[in-house]
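Topology and contacts: notes
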Amino acid sequence: MTVEMRTPIPVKEAIERVIKVVKQLETETVSINESLNYILAEDIKATYDIPRFDKSPYDGFAIKSADSKGASGDNRISFKVVDHIGAGTASSVTLNSGEAVRIMTGAPIPEGADAVVMFEQTVETETGFTIRKPFTEGENVAFQGEECKENEYVLLKGQRINSGVIAVLATFGYETVKVSKKPTVAVIATGSELVGPNDPLETGKIRNSNGPMIESLCKEVDIEATTYNIQEDNLQGCIDIVEKAMSEHDIVITTGGVSVGDFDYLPKVYDAIGATVLFNKVQMRPGSVTTVAYKGEKMLFGLSGNPSACYSGFHLFTKPTIQKMMSADAIYPVIIDAKLNEDFKKANPFTRFIRGKLSFTSQGVYAEPSGFNKSNAVVAIAKSNGMIILPGGTRGYQKDDDVKVLLTDHQSYESKLTL
Ligand code: AMP
Ligand code: MG
């Protein structure tokens with residue numbers, strides 16, 4: 001038997017090949033309460049000015065600024081309070097010279113007033129208060145339309161709906177919003193050695209960790225994936241389950257079986273179902289055998305069975321695909337600069353992705369491996385919040401070298417109260 005020859009392509013090119021064929025999904029309308037983490041599929045216009053009216057940003061007194069001219073410590077100017085309003089009501093009074101309205105944060109500036117004196121800037125009197133400094137026209141006033149004007153586009157499609165977007169939608173009275181559909185994802189762990197959490201661990205068996213990990217990676221981006229039964233290494237079984245998954249989902253992620261072993265059937269599956277393979281060898285470690293294929297609008301990810309390789313493959317290829325299907329503006333992983341905290345003397349012709357831990361120090365950002373880091377490692381994944389990228393070549397890397405780190409889990413950064 002001859003071993004199939006594969007042509008390794010650079011990681012960047014592999015990602016580009018995938019993104020190029022990914023089709024954007026249709027749009028749908030969802031309630032704003034369910035819209036978190038969808039991508040906006042419409043530009044959002046302000047339906048009125050924000051603020052809607054000139055209002056007080058403080059608790060205090062609304063005055064005519066002209067009345068405060070010449071005020072000083074030696075020349076306190078006094079005002080008579082003629083009305084009292086809280087947020088949600090308006091004063092019916094039109095201010096005359098020397099008068100003031102007691103006003104709370106958020107209440108509309110009364111007719112005739114053009115400045116607000118904060119409580120802290122006053123001394124109370126029988127009929128009102130005195131001040132010791134002059135106020136300018138507009139001082140302490142939040143002006144109508146200063147943040148945005150009616151009909152102005154405040155958000156553009158392609159943006160992820162975060163809590164701030166939800167606040168904007170609520171501000172303008174939207175109950176529903178047009179979004180891009182989320183892809184549906186099937187997860188299939190393949191391998192005759194795999195057993196579930198309650199099965200006995202007989203000789204040669206291991207527990208399936210990739211299935212739950214990939215399902216959770218999907219959840220991290222708010223995609224509910226469907227996990228299929230573990231699939232043993234059997235060609236017809238693999239063909240049947242991949243075809244079924246493809247008929248039910250936009251994305252099919254398999255783990256395992258993409259290498260050149262005797263029981264690695266995924267290459268044959270792609271062949272049998274008539275899928276186009278975009279690549280089956282990438283210049284990266286781990287996960288060089290990662291394979292991505294497509295058929296029609298369906299994307300098929302053949303991730304390596306090795307847990308670390310499987311994790312990298314999802315971040316590099318699947319996650320950007322999910323983002324593009326949802327028509328997000330930001331589809332690629334975020335990559336930052338850091339300094340390496342450890343030597344990697346051995347050169348590698350392929351780009352290495354090392355599960356790493358970032359530390360943000362006053363001297364800069366440092367990255368170090370998060371543990372035992374071979375492709376079959378699993379614990380280091382759990383302790384990582386990034387992947388250190390060491391480009392392939394003829395030289396190794398040393399402590400303090402500048403490197404790039406792909407961010408994977410921003411919620412597990414070290415945190416200190418440094419305020
Ligand atoms: P494969 O990609 O099928 O050649 O598998 C590579 C390595 O990953 C083998 O040691 C497998 O036993 C292991 N492996 C495959 N699938 C899984 C899985 N779902 N969970 C944990 N390890 C796996
Ligand atoms: Mg296998």
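Note that the coordinates shown come from a computational prediction; the quantities given were computed from them, not determined experimentally.

1. What about the sheet that holds strand S14 (residues 225-227)?
- The 6 strands are arranged S14-S11-S15-S19-S18-S16 in an open sheet whose pairing can be described as mixed. Edge strands, defined here as strands with exactly one partner in the open sheet, are S14 and strand S16 (276-279). Geometrically, the sheet is characterised by an average inter-axis angle of 20° between neighbouring strands, direction not taken into account.
- Sheet topology note: the strand S18 (residues 291-295)/strand S19 (residues 298-303) ladder contains 5 bridges and is antiparallel. By the bridge assignment, Ala293 is partnered in S19 with Leu300.
- Where helix H1 (residues 11-21) meets the sheet, its contacts fall on S16, S18 and S19, and the angle it forms with S16 comes to roughly 145°.
- Of the strands in this sheet, strand S15 (251-255), S16, S18 and S19 touch helix H5 (residues 266-273), which is tilted by about 165° from S19.

2. What to know about the UniProt feature "domain: MoaB/Mog" (unreviewed entry) in the chain
- Following the UniProt record, the feature "domain: MoaB/Mog" (unreviewed entry) maps to residues 186-324 here.
- End-to-end, the C-alpha atoms of residues 186-324 are 17 Å apart, and along that stretch the chain is 37% helix and 24% strand.

3. Here we look at the pairing of strand S22 (residues 364-369)
- In this structure, strand S20 (residues 335-340) lies alongside S22, joined through 2 bridges in parallel fashion. Each bridged residue has a counterpart across the sheet, and for Leu340 the counterpart in S22 is Ala367.
- Where strand S21 (residues 351-361) lies against S22, 6 bridges are found, and the strand directions are antiparallel. Opposite Lys357, over in S22, you have Glu368 as the bridge partner.
- Hairpin connection, S21 to S22: the antiparallel pair is bridged by 2 residues.

4. Some remarks on unusual backbone geometry
- Residue Pro51 is reached from Ile50 by a cis peptide bond, and omega for that bond is -15°.
- Tracing the backbone through its elements, the reader meets Pro51 in the loop between strand S2 (44-45) and strand S3 (60-63).
- One non-glycine residue, Asp400, lies in positive phi territory at about 80°.

5. Let's talk about the site of ligand 1
- Near ligand 1 there are 16 residues, and of these Glu193, Asn208, Ser209, Gly257 and Gly305 occur at the shortest range.
- Within the contact set of ligand 1, an oxygen atom lies 2.5 Å away from a side-chain nitrogen or oxygen of Glu193.
- Residue Asn306 places a main-chain N or O atom 3.3 Å away from an oxygen atom belonging to ligand 1.
- Relative to its unbound accessible surface of 490 Å², ligand 1 loses 76% to contact with the protein.
- Across the shell around ligand 1, the residue classes break down as 3 nonpolar, 10 polar and 3 charged.

Conventions we followed
Residues numbered from 1 in each chain as written. Chains lettered and ligands numbered in written order. Predicted model: local features only at pLDDT ≥ 70, side-chain atom pairs only at ≥ 80, totals over all residues. Heavy atoms only, no water. Pairing = 2+ DSSP bridges. Helix = DSSP H or I, 4+ residues; strand = E, 2+ residues; numbered from the N terminus. Axes fitted to C-alpha atoms, helices over the stretch in contact; angles between N-to-C directions. Contact = heavy atoms within 4.5 Å. UniProt positions renumbered as here; feature names shortened; annotations may be inferred. Near = heavy atom within 4 Å. Polar contact = N/O pair within 3.5 Å; in protein donor to acceptor, adjacent residues only side chain to side chain. Areas by Shrake-Rupley, 256 points an atom, 1.4 Å probe, with all protein chains shown as cover. Nonpolar A, V, L, I, M, F, W, Y, C, P; charged D, E, K, R; others polar.

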